[in-house]
Amino acid sequence: QVQLVESGGGLVQAGGSLRLSCAASGSISSISAMAWYRQAPGKQRELVATIFNSGWKNYADSVKGRFTISRDNAKNTVYLQMDSLKFEDTAVYYCNVKLIPLTAGYWGQGTQVTVSS
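Read on for an overview of the structure.

The rules behind each value
Residues numbered from 1 in each chain as written. Predicted model: local features only at pLDDT ≥ 70, side-chain atom pairs only at ≥ 80, totals over all residues. Heavy atoms only, no water. Helix = DSSP H or I, 4+ residues; strand = E, 2+ residues; numbered from the N terminus. Rg over C-alpha atoms; globule rule 2.2 N^0.38 Å. Buried < 20%, exposed > 50% of the residue type's maximum accessible area, 1.4 Å probe, protein only. Contact = heavy atoms within 4.5 Å. Areas by Shrake-Rupley, 256 points an atom, 1.4 Å probe, with all protein chains shown as cover. Lys, Arg positive; Asp, Glu negative; His and termini not counted. Charge placed at Lys NZ, Arg CZ, Asp CG, Glu CD. Disulfide = S-S within 2.5 Å.

**Concerning the overall build of the protein chain**
Logical step 1: For the protein chain, the count of helices and strands is 0 helices and 11 strands.
Logical step 2: Along the protein chain, from the amino end to the carboxyl end, the secondary structure elements read β-β-β-β-β-β-β-β-β-β-β.
Logical step 3: Against the 2.2 N^0.38 benchmark of 13 Å for 117 residues, the protein chain shows a C-alpha radius of gyration of 13 Å, consistent with a compact globule.
Logical step 4: Taking the principal axes of its C-alpha atoms as reference, the protein chain extends roughly 45 × 25 × 25 Å.
Logical step 5: Per-residue burial for the protein chain yields a buried fraction of 42% across its 117 residues.
Logical step 6: Of the contacts formed within the protein chain by residues at least 6 apart in sequence, a portion of 53% connects residues at least 24 apart.
Logical step 7: Here the protein chain has roughly 6,200 Å² of accessible surface; of this, 51% comes from carbon and sulfur atoms.
Logical step 8: Of the side chains in the protein chain, 11 bear a positive and 7 a negative charge, and the two mean positions are spaced by 4 Å.

This is the structure in structure tokens:
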């Protein structure tokens, strides 16, 4: 089993910054990919950013140039630096960790990010 603990959400004004963290623990031999998703009220959960074991990263078009995903392999922790936040970034943000590629992986409990306009 793998446990994920997220932190860093909160309330911020538009144009501000937040940094999310997600620490993985448990039966972890290796991690294939770590990602952040978000779900706004009344909307489907969407992929925000992914970082693979190789170090390759990809981002949703809506956050390119504003968000940065990174990871600390020694700590099994993934971060999401969110800058120039917009009202439409308001959502619950979820961490996802895949030990095996193309599987559902494990989910964090979610952390609320609220951007005031």
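So that's the structure; there's more coming.
**Quick word on the state of the cysteines**
The term disulfide refers to a covalent linkage connecting the sulfur atoms of a pair of cysteines.
Logical step 1: Scanning all chains against the criterion turns up 1 disulfide.
Logical step 2: A sulfur-sulfur separation of 2.1 Å characterises the disulfide bridge that pairs cysteine 22 with cysteine 95. Residues cysteine 22 and cysteine 95 are joined through a disulfide that is left-handed, its torsion about the S-S bond being -75 degrees. A residue pair is termed long-range when its members are at least 10 positions apart, and cysteine 22 in strand S3 (residues 18–26) and cysteine 95 in strand S9 (residues 91–98) qualify at 73 residues. Assigned by exposure class, cysteine 22 and cysteine 95 land together as buried.

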